[in-house]
Amino acid sequence: MMPVLYRASFGYLLRHPWQLVLALLGICIGVAVIVAVDLANESSRRAFLRSMDAVNGEATHQIVAGPAGVDERLYTRLRTDHGFRNIAPVVAGYVRYQDVIMQVLGVDVFAEREFRHYFLSGRDEQSVVNTRVDSPVNVIARMLTTPGAVLASARTADSLDIETDTPFRVVADGKERAAVLIGTFAEEQQGRLDNILITDIANAQHWLEMPGRLTRIDVRIDEDGLLSAIQEALPQNVQLLSAAGRTQSTLDMSNAFMTNLTAMSLLALLVGIFLIYNSVAFAVLQRRSMIGVLRALGVTRGQTFSLILLEGSMLGIVGALLGLLTGIWLGEQLLQLVARSISDHYFVIHVTAVSVAPMSVVKGFTAGLGATVLAAAAPAYEATSYPPRLAMARSVLERRAGEWLPYITGAGLTAAFLAMFILAFSGDNLVAGLVALFLLILGFALVIPIAIRILANSLAPSVGKWLGNSARMAISGVTASLSRTGVAIVALAVAVSATVGVSVMVDSFRYSVNEWLGNTLQSDIYVGVPRGSLDQELIEEIAAITGVQHHSTSRRVLLETDTGRVRLIVLQMAPGSHAGTALRDRDPQAVWDAFENQAAVLASDAYAYRHDVVPGDTVILNTDNGERAFPIVAVFQSYDSNDGAILMSRRTYDIFFDDPRVDSVGLYLDDETDADRVMDEIRALSVGRQSLVVNSNARIREMSLDIFDRTFVITDVLYWLAVGVAVIGILGAMLALQLERAKELATLRALGMTPVQIGGLVTMQTGFIGMLSGVAAIPLGIVMSWVLIAVINRRAFGWQMDMTIEPRVLLTSLALAIAAALAAGLYPAWRAASARPALAMREE
């Protein structure tokens, strides 16, 4: 019996291909977005970890010091005086070739064999530094004797059009340096060593202006007691840290960004669930007569339930498989956006292809199938809950929907209350904040149907009075088929509310960042070296240019502490420029006096939030003279990094750190001086000395906002996909209503309504659905934006910002909902208008 029922059920779906396509499309898009975001995140993460694996090799620990690096004499003492053999010196930094940023890794080939294994491509396919194979003497000799000799992956050489033994030039620390590729790595090294140049340590020190200094000393600890022995041999300003821990702390900086992308992808799936429910429920509704007959012939409730659930499961499996394929393609498109945002804000990564992780596939498939089964369960239960006689009645579903409406509303209010409870008592937990956000969305969604009924019933009489009976019938039809229209309205409202919420959040964020930039960028001209430092002599000459009244300097470094890495911003401020730093509720005069003269520091909003500190607390930093506690005198506004920062005066920095380097200089001009003329003079001074980036105040602000806008391109893509899913839901709902009401519409035709009037009736109804969706989306979007600003962004990034609601956003969202609904209703309106009344009236 059951095989016959299954064939009949699936045969029905094949006879209604549009319904099948819409259901599959909803599942497909929901799964595709989840898989695409997960693959883009994981591919970026894996690219970074592969790069770090190549850079760290088999090191278990790393010896690091302050901003100036480790004195290379310490390496000599550890190796000769203390007898530590499993250590290797490293100089690491970045160089630029054309427009590509590459990491340079300076190594000692004789110490490397304990840590990293590099295999060359070519006829020999031998290891350069490996304990198992003798090192090719000619390669080692060339690395030690040829100025600028480097090794790179074949893929890197091909992508940059660099040929072996052909000289090329790179820019390191703002200066052009000669380089020559003496070999490429074997195929198995590809990916791990992409965009990395391996060179001799002396050459790296020359390129990066680090004479006598090391970035770190790699250590491999495989004996008990060796860890404590090395720690005892280190000076007080030098630390021994876990290599894996340092890698993870760098990676953790991007976790909040990736988590937010995942949350947006789940929103698309949430909208997709409404669409799946719509499609499955309509399939059940159309077969209510068949189900009633089968029940009368002896088919049990359990068999009916399993039949509908199996049908939904099959849809879920096919839709999820299609979603996986689409997700891999979409992931390739999102990958570069994700990688660029991570490189803009956190760390440089190079990734060219999506890595299809099995777990990403499993998560996407499980989410798609689970969502489909969940969406199919409700209509399956509905179909089995009636006696056979009632199952064949057209009015049963709507009556039952009306009976369930108060319970659905109560569930929505409960979900909203639970969300507020979680927000109030979850502390700074980001995942709890995201769960609360989804509960709020779900709560609002469940309350929307009763709001629709109340609003439509109150509007129908007055609309009918002013616009005629057709308008009244269109509005009344929405509530008469609430089990169908309600789900479609909810799907579109949730999708549009995402555009409202994210738009308000982005606008508020952009306004805050723009205001912060306006206050912070006090100088008229900024001069810097990308990933390098300015020559002191050049700084003095630039400051002496006619028309320059004052100048400020800045230096940014990362310090290792017991609580992780701390970003230290060192400023030598020009007279009167303190006003550019916005303080939180403190007396500026007292703060700046302590900042300049009492070795006090300021903490950024994000740092204060993440480390739970307030003015009066201290921050412990590892200086060149050992650990030192610095008092925090104020918290300042900053949006330049989500990991937070400590602000220190140059005077204090010079006392505790032996690091005279300067990253950038800000110039303050007198009122009569032309900024373009000064910038031209700076460029002329730098010719042949350093490659400088010279920009005006306005240009810096423009570039900063461009980076900001690029970051949110991914978010735009994701919520437009959610809107696309909702439009499909509206189309499915309107087609379902048109088929359901075929006899009613045919009767209206027989009573004298023209095809144009019938089409207008359907169009008016879809427009009203769009308007209801837009009206419902506005309050949900405003609440969503508040949660995003005050909870999600605060917990993810530590930033504070004021909420800014532009009327343009609300009006645009309302127009979007109406336009989306009208677009989805065009085909159903045409189909209703062109249907034959006689054929439709013969149907029961």
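Residues numbered from 1 in each chain as written. Predicted model: local features only at pLDDT ≥ 70, side-chain atom pairs only at ≥ 80, totals over all residues. Heavy atoms only, no water.

A. Just the overall build of the protein, in detail. The helix and strand inventory of the protein stands at 28 helices and 20 strands. Burial analysis of the protein (844 residues in total) assigns 56% to the buried set. Considering only contacts in the protein between residues 6 or more positions apart, those separated by 24 or more positions represent 80%. Accessible surface computed for the protein: about 35600 Å², of which carbon and sulfur atoms make up 58%. (Helix = DSSP H or I, 4+ residues; strand = E, 2+ residues; numbered from the N terminus. Buried < 20%, exposed > 50% of the residue type's maximum accessible area, 1.4 Å probe, protein only. Contact = heavy atoms within 4.5 Å. Areas by Shrake-Rupley, 256 points an atom, 1.4 Å probe, with all protein chains shown as cover.)

B. Seen up close, a nonpolar patch on the surface. On the surface, a cluster of nonpolar side chains totalling about 450 Å² of accessible area is made up of Y381, W404, Y407 and I408. Per element, the largest residue contribution to the nonpolar patch is 3 residues, and it comes from helix 14 (residues 396-425). With respect to the helices and strands, the residue I408 is situated in helix 14. (Patch = residues over 30% accessible without salt bridge, like charges linked within 9 Å, V, L, I, M, F, W, Y side chains within 5 Å. Salt bridge = Lys/Arg side-chain N within 4 Å of Asp/Glu carboxyl O.)

C. Region of the structure containing the side chain of T804. With respect to the helices, strands and loops of the structure, T804 is situated in the loop between helix 26 (755-797) and helix 27 (807-834). With residues up to four places along the chain from it excluded, the contact list for T804 reads V504, S508 and Y511.

D. Representation of the side chain of D659. Mapping D659 onto the fold places it in the loop between helix 21 (650-656) and strand 19 (664-669). D659 gets classed as buried once you look at its relative accessible area, which sits at 2%. At a separation of 2.9 Å, a polar atom in the side chain of D659 contacts the side chain of R555. A polar side-chain atom of D659 sits 2.5 Å from a polar atom in the side chain of Y653. Not counting the four nearest positions on each side in its chain, D659 is found in contact with P67, A68, R555, V557, R650, Y653 and D654. (Polar contact = N/O pair within 3.5 Å; in protein donor to acceptor, adjacent residues only side chain to side chain.)

E. Summary view of the environment of M143. Within the secondary structure, M143 sits in helix 4 (residues 137-145). According to the relative accessible area criterion, M143 is buried, its value standing at 4%. Through-space distance from the C-alpha of M143 to that of L181 is 9.9 Å; in sequence the pair is 38 residues apart. Sequence-distant contacts of M143, that is, excluding residues within four places in its chain, are made with V109, A149, L151, I182, I198, T199 and D200.

F. How the structure looks around unusual backbone geometry. For Q98, which is not glycine, the phi torsion reads 55° and is therefore positive. If you trace the backbone, Q98 turns up in the loop between strand 3 (87-97) and strand 4 (100-107). On the basis of relative accessibility, which here comes to 52%, the residue Q98 falls in the exposed class. Within the chain, E209 stands out as a residue other than glycine whose phi angle is a positive 55°. Here E209 lies in the loop between helix 6 (201-207) and strand 9 (213-214). Judged by relative accessible area, which is 33%, E209 ranks as partly exposed.

G. The packing of helix 18 (residues 536-543) against helix 22 (residues 675-686), seen in detail. Across the interface, helix 18 lies against helix 22 with an axial gap of 10 Å and an inter-helix angle of 150°. In terms of their interaxial angle, helix 18 and helix 22 are classed as roughly antiparallel. Both helix 18 and helix 22 take part in a crossing whose hand is right-handed. Here L538, E541 and I542 of helix 18 lie close against helix 22, whose contacting residues are I682, L685 and S686. (Axes fitted to C-alpha atoms, helices over the stretch in contact; angles between N-to-C directions. Parallel < 35°, antiparallel > 145°, perpendicular 65-115°, else oblique. Left-handed = near helix turned anticlockwise from the far one by under 90°.)

H. A look at the sheet that holds strand 20 (residues 693-696). Here we have 9 strands laid out as an open sheet, ordered 16-17-15-18-14-13-19-12-20, and mixed in their pairing. The open sheet has two edge strands with one neighbour each: strand 16 (618-623) and strand 20. Averaged over all neighbouring strand pairs, the angle between strand axes comes to 30°, with direction disregarded. Pairing of strand 15 (residues 601-604) with strand 18 (residues 646-649) involves 2 bridges; the strand directions are antiparallel. The partner of L602 across the bridge, within strand 18, is L647. Running at roughly 70° to strand 18, helix 19 (residues 588-597) makes contact with strand 15, strand 17 (626-636) and strand 18 of the sheet. (Pairing = 2+ DSSP bridges.)

I. Quick peek at the pattern of salt bridges. Under the defined criterion, the tally for this structure stands at 18 salt bridges. The shortest N-O distance in the salt bridge between D165 and R142 comes to 2.9 Å. Of this pair, D165 sits in the loop between helix 5 (154-159) and strand 6 (167-172) while R142 sits in helix 4; the two residues are 23 residues apart in sequence, bridging distant segments of the chain. A residue is classified by how much of its surface remains accessible, and R142, at 30% relative accessible area, is partly exposed. Put simply, D680 and R683 hold a salt bridge, and the shortest N to O gap is 3.4 Å. Residue D680 and its partner R683 are both found in helix 22; the two are separated by 3 residues, about one turn of the helix. Three or more residues joined by partner-sharing salt bridges are found here, namely K175, R177, E209 and D535.

J. Geometry of helix 3 (residues 72-81). Looking at helix 3, one finds that the buried residues are L74, Y75 and L78. Taken down its axis, helix 3 places every buried residue within 105° of arc, on the same side. Residues R73, T80 and D81 are exposed on helix 3 and point more than 90 degrees away from its buried face. In the stretch just after helix 3, G83 is the one whose phi turns positive, near 75°. (Arc of directions from axis to C-beta.)

K. The arrangement of the confidence of the model for the protein in detail. Residues at a pLDDT of 70 or more form 76% of the protein, whose mean pLDDT is 78. Counting interchain partners and residues more than four positions distant, the pLDDT-below-50 stretch residues 123-127 has 14 contacts. Note that residues 129-135 has pLDDT below 50 and, in this model, 21 contacts with residues that lie over four places away or in other chains. (pLDDT = per-residue confidence, 0-100.)

L. Fine view of the packing of aromatic side chains. What the rule picks out here adds up to 7 aromatic pairs. Ring geometry for F421 and F425: centres 4.8 Å apart, planes at 45°, overall tilted. Here F421 and its partner F425 are both found in helix 14, 4 residues apart, which amounts to about one turn of the helix. Each ring, one from W516 and one from Y639, has its centre 5.8 Å from the other, and the planes form 85°; the classification is edge-to-face. With W516 in helix 17 (residues 482-520) and Y639 in the loop between strand 17 and strand 18, this pair connects stretches of sequence that are 123 residues apart. One exposure class covers both W516 and Y639, and it is buried. (Phe/Tyr/Trp six-rings, centres within 6.5 Å; stacked < 30°, edge-to-face > 60°.)

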